[in-house]
Amino acid sequence: MAEPGRPGTTTAPRARADVVRRVAGSAAAGCALAGAVAVTVAVVAGPGPGLTGYVSEAGIAGSGHATTYRIGILALAAALLLVGAALPPGVWAAPALLATGAVFTAVSGAVTCSAGCPLPPFERATAADLVHGGTSIAATASVVLAMVTLAVSGPAGPVLRRLAGLAAAVALPLCAAVALAMLILGRGAVVGVLERLVLAVAVLWGLSTATVLALARR
């Protein structure tokens, strides 16, 4: 055993911490992939209105694929939490934002919306619709903000910063476009396509980031 003050004293704890982070990264990649597949199956195979509807409509109570959808959403929430845990020491804000995003994602999966997932200003929404919609928006915002903070975090390393910067550069204008389309156009193909693009960017970023963390040797 290495003695205090001598070389190698902190090597073992650091090595163990690195192994834990790589395991968390591997688990995050698995959860992200499984969650994305489950949600995609529920959306594509479900009886929803296609690209003119919201992704969340696959989880409406009574839908034949609601369980698959909820399992996928919970897996994605776990992936966010694990990515935050796998980030290198010294990274600020991003782990907390990812944990927040994980909580909101889990709540959005647990609280289902009514048929059509109506949202104001063009549709009359129930309390559950507002909770579901609000937590979904908060989850997306938390993830995008985590991308931004990670892109400028030195301890993250160049690869993670580039991935986060690229994802944020794509996600930010898409999120702005979704917000404007919902306020101006309301439910329709434009919002449906834009929502799917935002979610795809978030999932691809999470999966690629988790893979990098799983393979990292610090």
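The model shown is predicted, which means the values in this text are computed figures rather than measured ones. (Residues numbered from 1 in each chain as written. Predicted model: local features only at pLDDT ≥ 70, side-chain atom pairs only at ≥ 80, totals over all residues. Heavy atoms only, no water.)

Peer 1: Before we move on, could you go through the overall build of the protein chain and cite the residues and values that matter?
Peer 2: The number of helices and strands found in the protein chain is six helices and zero strands. Mapped from its N terminus to its C terminus, the protein chain presents α and β elements in the order α-α-α-α-α-α. The C-alpha atoms of the protein chain give a radius of gyration of 19 Å, which matches the 17 Å a tight globule of 218 residues would have. The principal-axis extents of the C-alpha atoms in the protein chain amount to approximately 70 × 30 × 25 Å. Looking at the protein chain as a whole, 41% of its 218 residues qualify as buried. (Helix = DSSP H or I, 4+ residues; strand = E, 2+ residues; numbered from the N terminus. Rg over C-alpha atoms; globule rule 2.2 N^0.38 Å. Buried < 20%, exposed > 50% of the residue type's maximum accessible area, 1.4 Å probe, protein only.)

Peer 1: Explain unusual backbone geometry to me, and be specific about the residues and the numbers.
Peer 2: Note the cis peptide between Pro 120 and Pro 121, where omega equals 10 degrees. Mapped onto the elements, Pro 121 comes out in the loop between α3 (94-110) and α4 (127-151). At Ala 93, a residue that is not glycine, the phi angle is positive and equals roughly 70 degrees. Looking at where Ala 93 falls in the secondary structure, it is placed in the loop between α2 (66-86) and α3. We note that Cys 117 has phi near 45 degrees; this positive angle belongs to a residue other than glycine. Relative to the elements of secondary structure, Cys 117 occurs in the loop between α3 and α4.

Peer 1: Explain the state of the cysteines to me, and be specific about the residues and the numbers.
Peer 2: Following the criterion strictly, the structure yields one disulfide and no others. Shown here is the disulfide that connects Cys 113 with Cys 117, its sulfur atoms set 1.8 Å apart. Cys 175 takes part in no disulfide bond, and the closest cysteine sulfur to it belongs to Cys 117, at a distance of 18 Å. (Disulfide = S-S within 2.5 Å.)

Peer 1: An account of helix α6 (residues 189-215) is needed here, citing residue identities and associated values.
Peer 2: Given 3.6 residues per turn, any residue in an α-helix points the same way as the ones three and four places further on. End to end, α6 covers 39 Å across 27 residues, agreeing with the expected 39 Å (1.5 Å per residue, within 8%). Its buried side turned inward, α6 meets α1 (11-45), α2, α3, α4 and α5 (158-184). (Expected span 1.5 Å × (residues − 1). Contact = heavy atoms within 4.5 Å.)

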